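# Structure assessment
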Amino acid sequence: MAVMTYREALGQALAEEMERDPDVFLMGEEVGVYQGAYKVSKGLLDRFGELRVVDTPITELGFAGLGVGAAMVGLRPVIEFMTFNFSLLALDQVFNSAAKVRYMSGGQFKCPIVFRGPTGAALQLSAQHSQALESPYLHFPGLKLCTPATPADAKGLLKAAIRDDDPVVVMEGELLYALKGEVPEDRELLVPPGTAEVKRPGSDVSIITHGKMVHVALQAAAKLEQEEIDAEVLDLRWLRPLDIEAALATVYKTNRVVCVEEGWPYLGVGAQISTLIQEEAFDYLDAPVVRVTQADVPMPYSKNLEKLAKPSVERVIAACHKVLYR
Amino acid sequence: MPDGRAANAKATSRAPRVEEPRRDSQRLGGLDKEKLHELLSQMLLGRRFEEKSAESYALGKIGGFCHLYIGQEAVAVGAMSVLRPDDYVITAYREHVQALIKGLTPREVMAELYGRVDGCSKGKGGSMHLFSAEKNFLGGWGIVAGQIPLGTGVGWAIKYRDEDRVCLCFFGEAAVNQGAFHESLNMAALWKLPVIFLVENNRFGMGTAWERASSLYDIAQKAAAYDMPSAVADGMDVFAMRAAVLEAVDRAREQRTPTLIEARCYRFMGHSMSDPVHGVYRTKEEVEEAKQKDPIRIFIDQLREQDLLDEDELNELDARARAAVEDAAEFAEKSPEPGPEELYRDVYAQEDVRGWLYFDRKDRLE
Ligand SMILES: Cc1ncc(C[n+]2csc(CCOP(=O)(O)OP(=O)(O)O)c2C)c(N)n1
Ligand SMILES: [Mg+2]
């Protein structure tokens, strides 16, 4: 095992897959000469050349659609959005083209494309640059979506996404790029679609989460331990396909659930998980499911307000207390 | 099902040009009688197919939106006559005729319009979403201008693989005002992609005349913004279309340079089957006057002038087109509807083995 950062793990996944398959190429703003807005693609231009590491104009709709067209005729594009905030300009091609071409063509055309980049808030970037956009993407059948929380998962999820024959959205975390962790050197490290992971086993309460919030949940769990509350943290990793069995298994185990996500509450991931639980495991619940989300407002700039808007360790702890009636 | 890649593998070799149009730009494009009759057959098939579609639509056999190509046949027939089978075509929702010319059978196209399982897209796409991986026909797209970035990506893939194919990308003049058009032309010119951007300027985007929608009248001029070659062609004349597209295809194949071509044509029918033929945005007289320039009649006259078509031959070709269309409609009528098992198929590569993909829990429905 090597210790590396989340960004290095992503870069390694890209490099390995580009070596393995000549049809894989990376395209996006600043991915080449600049080495990536977040340095994920550092060194790749030198290694693979301009045809496979492509700097684009600022033209999100254009290059997203270009990727889909190339995927339809057999290439495997990795399209980097500098952040998912900017992908909003490209959504027609993601939702109306990538997600639908297999179905509309009666299965004749597949679309093996990856759309990746950071989602969610960093620090004080305010309303337009701080959005966690999982929910809108998850609304569309035809897309898959995963959210790595650790360097190892970053590598395994991105590699699985690149090899997948469907369009996969890989939502990374801006604040995670510098995170260090152990990453297996295995070139076949793949986290296949629909596989969640228990990041911390526990027996009193389940925190179901994904992406950057896994770390908030783990910190909350560590503090809860001091109160002798044993929290389980389930990292969904893939939000579509969803590891329904893992989500239900943790409910069966603890009978109490807190859903934590970075995005807004309305039609959020937690709303979906709560529905799933009440449909499939109602009788196992000892308390109503509680959700911790971003405040239902655009992200404010001011430090204190931003802090209030974001899901925090304190709010996760409070939610756990609530489902435990403590 | 052949995926894009398998289809590619067969055809990537630098196949010889199927037929070499003469460059001396002789009358009738230097084509022999057989080829000319083939083009006339395509035009007639297109026309008869659309007439039958209108009839079936009126009978409720075809549903949804259905956009007819009547009046614009010379654009597709002329343009596509210079392509090789391994070249790609992508277009919008007014695409029945392009699909037929690319080699989809009238049966599979009509069955698709009828929403039947023998349709080219198994009845899941309908009139607006015809596809054939085998014939390099890439759809069939319903969002105005949505196919332009896709066609650009196909051009990218051709360049990436160092092939000598081209992608012919059709769209209506109304699509020119979308960002997707401008973003695509910029990338295609910047990266030298072998794409021919063919604007079918039929004067209207639904009820909005071109001059009411664009500050610049000459669409071809927009290419200048991207330092891209351009041309204007008479879209009612097969030979004019052929000549313009041939030049662009040569340039794309040999120099990987894209071209923007404006084909000036006219839509004889309403925007879609739910729109009356003239409506409130144009007069009956305007439509009647345009019909005087019926592209099929013009083509027939051109052939007759050179003694390359007599009455019997014309009747014979038309009878064949009508028969093919009748056969297609009968076939579509008899083709079964897609079974319920098709509902959840083709959304993803995998079947939903563990009920993880669909959030209405498919297992409940069964
Ligand atoms: C993005 C988008 N906006 C609006 C529509 C509705 N619409 C369908 S066709 C059409 C007119 C398009 O005209 P044009 O591109 O000239 O093609 P034509 O129908 O003339 O072939 C409109 C407005 C659409 N399908 N997509
Ligand atoms: Mg038009």
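Residues numbered from 1 in each chain as written. Chains lettered and ligands numbered in written order. Predicted model: local features only at pLDDT ≥ 70, side-chain atom pairs only at ≥ 80, totals over all residues. Heavy atoms only, no water.

### Comments concerning the overall build of chain A
Note the threshold: Secondary structure elements are defined from DSSP: runs of H or I of at least 4 residues count as helices, runs of E of at least 2 residues count as strands, and each element is numbered from the N terminus. Here the term buried applies to any residue with accessible area under 20% of the maximum for its type, exposed to any over 50%, and partly exposed to those in between, with areas from a 1.4 Å probe on protein chains only. Note on definitions: a residue-residue contact is assigned when non-hydrogen atoms from the two residues lie within 4.5 Å.
Across its full length, chain A holds twelve helices and 14 strands. The principal-axis extents of the C-alpha atoms in chain A amount to approximately 60 × 45 × 40 Å. By residue count, 65% of the 326 residues in chain A fall in the buried class. Put simply, of all contacts in chain A between residues at least 6 apart along the chain, 82% involve residues at least 24 apart.

### Focus on the side chain of A:Arg52
Put simply, the rule is: Polar contact is the term for a pair of N or O atoms within 3.5 Å; when the atoms are in protein, one must be able to donate a hydrogen and the other to accept it, and sequence-neighboring residues count only if both atoms are side-chain atoms.
With respect to the secondary-structure elements, A:Arg52 resides in the loop between α2 (44–48) and β3 (53–55). Reaching out from A:Arg52, the side chain makes a polar contact with the backbone oxygen of A:Met18 at a distance of 2.7 Å.

### With respect to the sheet that holds strand β12 (residues 238–240) of chain A
Residues and elements named next belong to chain A. Short version of the rule: What makes two strands pair is DSSP finding at least two bridges between them. Axis lines are fitted through C-alpha atoms, for helices just across the contact stretch, and the angle between N-to-C directions can take any value from 0 to 180 degrees.
The mixed open sheet is built from seven strands, whose spatial order is β3-β2-β4-β5-β7-β6-β12. Whereas interior strands pair on both sides, the edge strands pair on one side only; in this sheet they are β3 and β12. Sheet twist, expressed as the mean angle between neighbouring strand axes with direction ignored, is 20 degrees. Bridge count between strand β4 (residues 76–80) and strand β5 (residues 114–119): three bridges; the pairing is parallel.

### Section: the site of ligand 1
Residue and element names in this part refer to chain B. Applicable threshold: Any residue with a heavy atom lying within 4 Å of a molecule or strand is counted as near it. Here the open area of atoms and residues is found with the Shrake-Rupley method and a 1.4 Å probe, where only the protein chains shown may cover a residue. Under the grouping applied here, Gly and all other residues not named as nonpolar or charged are polar, the nonpolar ones being Ala, Val, Leu, Ile, Met, Phe, Trp, Tyr, Cys and Pro and the charged ones Asp, Glu, Lys and Arg.
In the vicinity of ligand 1 there are 15 residues, among which Tyr-93, Arg-94, Glu-173, Asn-202 and Phe-204 approach most closely. At a separation of 3.5 Å, an oxygen atom of ligand 1 approaches a polar backbone atom of Ala-175. Contact with the protein chains covers 71% of the free accessible surface of ligand 1, which is 580 Å². Looking at side-chain class alone, the shell around ligand 1 contains seven nonpolar, six polar and two charged residues.

### So, the packing of helix α2 (residues 33–58) of chain B against helix α11 (residues 311–334) of chain B
The angle between the axes and the distance between the axes are what describe a pair of packed helices. Residue and element names in this part refer to chain B. Rule in force here: When describing relative orientation, an angle under 35 degrees is termed roughly parallel and one over 145 degrees roughly antiparallel, while 65 to 115 degrees is termed roughly perpendicular and anything else oblique. Crossing handedness is defined as follows: a turn of the near helix away from the far one that is anticlockwise and smaller than a right angle gives a left-handed crossing, while the clockwise case is right-handed.
For the pair α2 and α11, interaxial distance at closest approach is 9 Å and the crossing angle is 45 degrees. As judged from the angle between their axes, α2 and α11 are oblique. By crossing handedness, the relation of α2 to α11 is classed as right-handed. Taken together, the residues of α11 that come into contact with α2 (itself represented by Lys-33, His-37, Leu-40, Ser-41, Leu-44, Leu-45, Arg-48, Phe-49 and Lys-52) are Glu-313, Leu-314, Leu-317, Asp-318, Ala-321, Arg-322, Ala-324, Val-325, Glu-326 and Ala-329.

### Quick word on the confidence of the model for chain B
Residue and element names in this part refer to chain B. Selection criterion: pLDDT is a per-residue confidence score from the predictor, ranging from 0 to 100.
Taken over all residues, the pLDDT of chain B has a mean of 91, while the share at 70 or more is 91%. Between residues 1–25, whose pLDDT stays under 50, and residues either more than four places distant or in other chains, the model counts 44 contacts. Prediction confidence for the complex, expressed as pTM and ipTM, is 0.95 and 0.97 respectively.

### Details of the nonpolar core
Using the following cut-off: What we call a nonpolar core is a set of buried Ala, Val, Leu, Ile, Met, Phe, Trp, Tyr and Cys residues that are connected through their side-chain atoms within 4.5 Å.
In this structure, A:Tyr137, B:Trp156, B:Phe171, B:Phe197 and B:Leu260 are the most contacted members of the largest nonpolar core, which totals 90 residues. Top element by residues in this core is helix α3 (residues 60–72) of chain A. It accounts for eight residues. Beyond its immediate sequence surroundings of up to four residues, A:Tyr137 is in contact with A:Phe81, A:Phe84, A:Ser87, A:Leu91, A:Val94, A:Phe95, A:Leu143, A:Leu145, A:Val169 and A:Met171. Counting 75 residues, the second-largest nonpolar core is a separate cluster that includes B:Cys66, B:Leu100, B:Leu113 and B:Met241.

### A short note on the interface of chain A and chain B
What counts here: Here the buried area means the combined drop in accessible surface, using a 1.4 Å probe, for two parts upon being joined, counting both sides. Here, a salt bridge means any Lys or Arg side-chain nitrogen found within 4 Å of an Asp or Glu carboxyl oxygen.
Across the boundary between the two partners, chain A contributes 60 residues, which contact 53 residues of chain B. Around 4,700 Å² of area is buried between chain A and chain B when both sides are counted, 63% of it from carbon and sulfur atoms. Put simply, chain A and chain B have one salt bridge between them. Two residues, A:Asp23 and B:Arg161, come together in a salt bridge whose shortest N-O distance is 3.5 Å. Elements with a minimum of two residues in the side of chain A that touches chain B: β2 (24–28), β3, α3, α4 (91–98), α5 (101–104), β12, α9 (244–254) and α10 (269–280) of chain A.

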